[in-house]
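Here is what each chain is made of, one letter per residue.
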Amino acid sequence: MSSTLPMINTIYCIGRSYVEHIHELGNAIPDEPLVFLKPNASIVTGDTITLPDYSNDVHHETELVLLIGDNTTITGVTVGLDLTARDVQSIAKQKGLPWTKAKGFKNACWLGTFKPFKEGVYELFLSVNGEIRQHDTTDKMMYSFREVIQYLDGIYGLKKGDIIMTGTPKGVGKLVHGDKLEIKLDDDRYQVSVVQSVGH
Ligand code: MG
């Protein structure tokens, strides 16, 4: 199933917002939200994701995605994958370099279909070839949605059409060519196939 997206402006991503995920990667708990961006061209929808040929370790990060409306309201919500070239990111971390190549490649931002936002707890789910990898609820986030929005708006100034990938719960792992993903947000369900791009 393909989806129709609203006009999307800046893609904000929050890192390290679930404690159990921070522990699984051996990172420190941040004292303020960790923010990075993805280019708009990294967005992909529909039933196929193509992985970049320069990484041998692209990880799935299943995340709740908020769509911002006028005056920093939240108008929409969906599930997304913050795809991460973990090998490239590890080198960038060691060298103190930006994460753009690890987080911003084509197809690095898979999005489901936005639906109206309702206050409450959302359930995120991802299975790969029938094996459950990620299954958690958004009440485990260290920050409330409003705290994240106030933080981003205070520094960067949120605009209508911005989206926020709110961070991944535990269970991140590698994707390879041929993987079949089932991605769910509550009762919304998506099936996606993974393709490894080869050569230049
Ligand atoms: Mg993430």
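Everything numeric here is computed off the predicted structure, so don't read it as measured data. (Residues numbered from 1 in each chain as written. Predicted model: local features only at pLDDT ≥ 70, side-chain atom pairs only at ≥ 80, totals over all residues. Heavy atoms only, no water.)

A.B. asks: Describe the overall build of the protein, and please don't skip the residues or the numbers.
C.D. replies: The number of helices and strands found in the protein is four helices and 16 strands. A compact globule built from 200 residues would reach a C-alpha radius of gyration of about 16 Å, and the protein, at 16 Å, matches this within 12%. Each principal axis of the C-alpha atoms in the protein carries an extent, and together these give about 45 × 40 × 30 Å. Within the protein, the proportion of its 200 residues that are buried is 52%. Long-range pairs, those at least 24 residues apart, make up 75% of the contacts in the protein between residues at least 6 apart in sequence. Accessible surface computed for the protein: about 9,400 Å², of which carbon and sulfur atoms make up 51%. When the 20 basic and 25 acidic side-chain charges of the protein are each reduced to a single mean position, those positions are 5 Å apart. (Helix = DSSP H or I, 4+ residues; strand = E, 2+ residues; numbered from the N terminus. Rg over C-alpha atoms; globule rule 2.2 N^0.38 Å. Buried < 20%, exposed > 50% of the residue type's maximum accessible area, 1.4 Å probe, protein only. Contact = heavy atoms within 4.5 Å. Areas by Shrake-Rupley, 256 points an atom, 1.4 Å probe, with all protein chains shown as cover. Lys, Arg positive; Asp, Glu negative; His and termini not counted. Charge placed at Lys NZ, Arg CZ, Asp CG, Glu CD.)

A.B. asks: Can you break down the coordination of the magnesium ion residue by residue, with the values?
C.D. replies: Tetrahedral coordination by four donors puts the ideal angle at the metal at 109.5 degrees, and octahedral coordination by six puts it at 90 or 180 degrees. Of the protein atoms, only Glu61 (OE), Glu63 (OE) and Asp82 (OD) coordinate the magnesium ion, at distances of 2.0 to 2.1 Å. Here the donor residues of the magnesium ion share one chain and are spaced in sequence as E-x1-E-x18-D. For the pair shown, Glu61 and Glu63 are each scored as buried. (Donors = N, O, S within 2.8 Å, 3.2 Å for Na, K, Ca; no water.)

A.B. asks: Could you give me a rundown of the pairing of strand 11 (residues 123-128), with the residues and numbers involved?
C.D. replies: Along strand 11, five of the six residues are buried, which leaves the element largely enclosed by surrounding structure. As consecutive antiparallel partners, strand 11 and strand 12 (residues 131-137) are separated by two residues, and within that stretch Asn129 has a phi angle of approximately 55°, a positive value. Here five bridges tie strand 11 to strand 15 (residues 180-185), and the two strands are oriented antiparallel to one another. Counted as the bridge partner of Leu126 is Ile183 from strand 15. (Pairing = 2+ DSSP bridges.)

A.B. asks: An account of unusual backbone geometry is requested, with residue identities and associated values reported.
C.D. replies: Positive phi outside glycine occurs at Arg16, with the angle close to 55°. Within the chain, Asn129 stands out as a residue other than glycine whose phi angle is a positive 55°. Residue placement: Asn129 occurs in the loop between strand 11 and strand 12.

A.B. asks: Tell me about the pairing of strand 1 (residues 11-15), and please be specific about residues and values.
C.D. replies: Counting buried residues along strand 1, five of its five residues qualify, which places the element largely inside the surrounding structure. A two-sided burial pattern is seen for strand 1, the buried positions comprising Ile11, Cys13 and Gly15 on one face and Tyr12 and Ile14 on the other. Summarising the sheet, strand 1 and strand 13 (residues 163-165) pair through three bridges and their orientation is parallel. When the sheet's bridge partners are listed, Cys13 is paired in strand 13 with Met165.

A.B. asks: Pulling in residues and values, what's your account of the pattern of salt bridges?
C.D. replies: Tallied over the full model, the rule gives ten salt bridges. The closest approach of N and O atoms between Lys170 and Glu20, which form a salt bridge, is 3.5 Å. Here Lys170, found in the loop between strand 13 and strand 14 (173-174), pairs with Glu20, found in helix 1 (residues 19-24); they are 150 residues apart in sequence, far enough to count as distant. A residue is classified by how much of its surface remains accessible, and Glu20, at 39% relative accessible area, is partly exposed. A salt bridge links Glu61 to Arg86; the shortest N-O distance between them is 2.8 Å. Here Arg86 lies in helix 2 (residues 86-95) and Glu61 lies in the loop between strand 5 (58-60) and strand 6 (62-68), a separation of 25 residues in the sequence. Comparing Glu61 with Arg86 shows no difference in burial state: the two are buried. Via salt bridges that share partners, Lys38, Glu61, Asp82, Arg86 and Lys103 belong to a single interconnected network. (Salt bridge = Lys/Arg side-chain N within 4 Å of Asp/Glu carboxyl O.)

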